[in-house]
Amino acid sequence: CLVAAGLFFVKDPQPILHPVLDRPMSCDLLTAIGAGMVPVVFSYGGWQTTNFIAAEIKDARKNLGLALIIGVAGVIILYLLVNLVCVRTVGAEALAQTTVPASAVMRIVAGARGAKLIALGIAVSGVGYLSQCVLTAPRVYFAMAKDGLFFRSVAYVSQRTQVPVVAIVLQSVWTAVVAFTGRYEQILNYVIAMDFFFFGLTAMTLFIFRRRERDSGAATRGATGFRVPGHPVTTIAFIAACWLVVANTIYKYPKDTSIGILILFLGLPVYAYWHRRQRTAT
């Protein structure tokens, strides 16, 4: 709706092409661009949660990768179109001053009623995002409990619905706690820092898996299970991009990111306790 309105119903479109930089290059400018990338990379996120439900996907080896490619490609296309529409409708300078770009676009196209309509649509989209979080993130708690690394009760699955009820309730309660104890920007900063730190670590495991394949002789037999186009160049570029985002977020928002780092380190003794308990039980 927003894209169609911005492309076909704008009577006085603004220029789309603008200079890449409106000021000399500097370290402060680079860090400002990095800070601006925080909500951008968040908007591209969500693909990682698909992996949480890999055990429930039919023919996951084939369908999981395909779902990730289609989903990420769809988000990229939609995100770029929305940005194009915002610049074309509102203009670059006015866009920089507004905190509600979608509403600004619809207000120009369809007046106050259009702005209210898109605001409602954004609210529904937000509920949809929360819904997928509640459905996917609890699978992590469930898997931990099933492996003996968390309370066994968290692995409980309803006989009627076949969903991990306790894990979903736990995730919902924790989400409410986080929401009531922090601002949106603050939560976003420490979530992004931790997300992209582990994205980089996850990509690094590809080198380990490839080496193990090489040592076992599987790669020479054409049995590699870790195919990545452009590896190792693409893998290294991905790791570098992830950790540049992390470094810049820590630099620009040290107080916010320290919360995420604190939560991470608080989890280490908890994991050590459950791991030792699990080993003792076995």
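Analysis parameters
- Residues numbered from 1 in each chain as written.
- Predicted model: local features only at pLDDT ≥ 70, side-chain atom pairs only at ≥ 80, totals over all residues.
- Heavy atoms only, no water.
- Helix = DSSP H or I, 4+ residues; strand = E, 2+ residues; numbered from the N terminus.
- Core = buried A, V, L, I, M, F, W, Y, C linked by side-chain atoms within 4.5 Å.
- Buried < 20%, exposed > 50% of the residue type's maximum accessible area, 1.4 Å probe, protein only.
- Contact = heavy atoms within 4.5 Å.
- Expected span 1.5 Å × (residues − 1).
- Arc of directions from axis to C-beta.
- Phe/Tyr/Trp six-rings, centres within 6.5 Å; stacked < 30°, edge-to-face > 60°.

Chemist: What am I meant to see in the environment of Val169 here?
Modeler: Residue position: Val169 is located in helix α8 (residues 165–180). In the structure, Val169 is positioned 15 residues away from Val154 in sequence and 9.4 Å away in space, judged by C-alpha atoms.

Chemist: So what exactly am I meant to see when it comes to the nonpolar core here?
Modeler: Taken as a class, soluble globular proteins show a tendency for nonpolar side chains to be buried jointly. Listed in full, the 11 residues of the largest apolar core are Leu2, Val3, Ala5, Val85, Cys86, Val90, Ala102, Ala104, Val105, Met106 and Ile118. Top element by residues in this core is helix α6 (residues 101–136). It accounts for 5 residues. In contact with Ile118, not counting residues within four places along its chain, are Leu2, Ala102, Ser103 and Met106. Counting residues in hydrophobic clusters, the runner-up holds 9 residues, among them Val38, Leu188, Phe196 and Val246.

Chemist: Help me out: how do you make sense of α8 in this one?
Modeler: In an α-helix, one turn spans 3.6 residues, which is why side chains three or four residues apart end up on the same side. Taking 1.5 Å per residue, 16 residues should reach 22 Å; α8 reaches 23 Å between its end C-alpha atoms and fits that length. Regarding α8, the residues found buried are Ala167, Ile168, Gln171 and Val178. The arc enclosing the buried residues of α8, seen along the axis, measures out at 100 degrees, which places them on a common side. Here the buried face of α8 lies against α6, α7 (138–146) and α9 (184–216).

Chemist: What is the right way to read the packing of aromatic side chains from this model?
Modeler: For any pair of aromatic rings, geometry is given as the distance between the ring centres together with the angle between the planes. Tallied over the entire structure, the rule returns 9 aromatic pairs. Between the aromatic rings of Tyr44 and Tyr79, the centroid separation amounts to 5.0 Å while the plane-to-plane angle is 50 degrees, which identifies the pairing as tilted. Of this pair, Tyr44 sits in helix α2 (residues 27–44) while Tyr79 sits in helix α4 (residues 60–90), and the two are 35 residues apart along the sequence. The exposure class assigned to Tyr79 is partly exposed, which follows from its relative accessible area of 24%. With centroids separated by 6.3 Å and ring planes inclined at 25 degrees, the aromatic side chains of Phe197 and Trp243 adopt a geometry described as stacked. Of this pair, Phe197 sits in helix α9 while Trp243 sits in helix α10 (residues 233–252), placing them 46 residues apart in sequence. Phe197 gets classed as partly exposed once you look at its relative accessible area, which sits at 29%.

Chemist: How do you make sense of unusual backbone geometry when you look at a structure like this?
Modeler: Working note: non-glycine residues mostly have negative phi, and peptide bonds are mostly trans. For the bond from His231 to Pro232, the omega torsion is 10 degrees, close enough to zero to count as cis. Here Pro232 lies in the loop between α9 and α10. Positive phi values are uncommon outside glycine, yet Asp59 reaches one of about 50 degrees. Residue placement: Asp59 occurs in the loop between α3 (47–50) and α4. For Gln162, which is not glycine, the phi dihedral falls at a positive 60 degrees. The topology assignment puts Gln162 in the loop between α7 and α8.

Shape descriptors only; they carry no functional weight alone.
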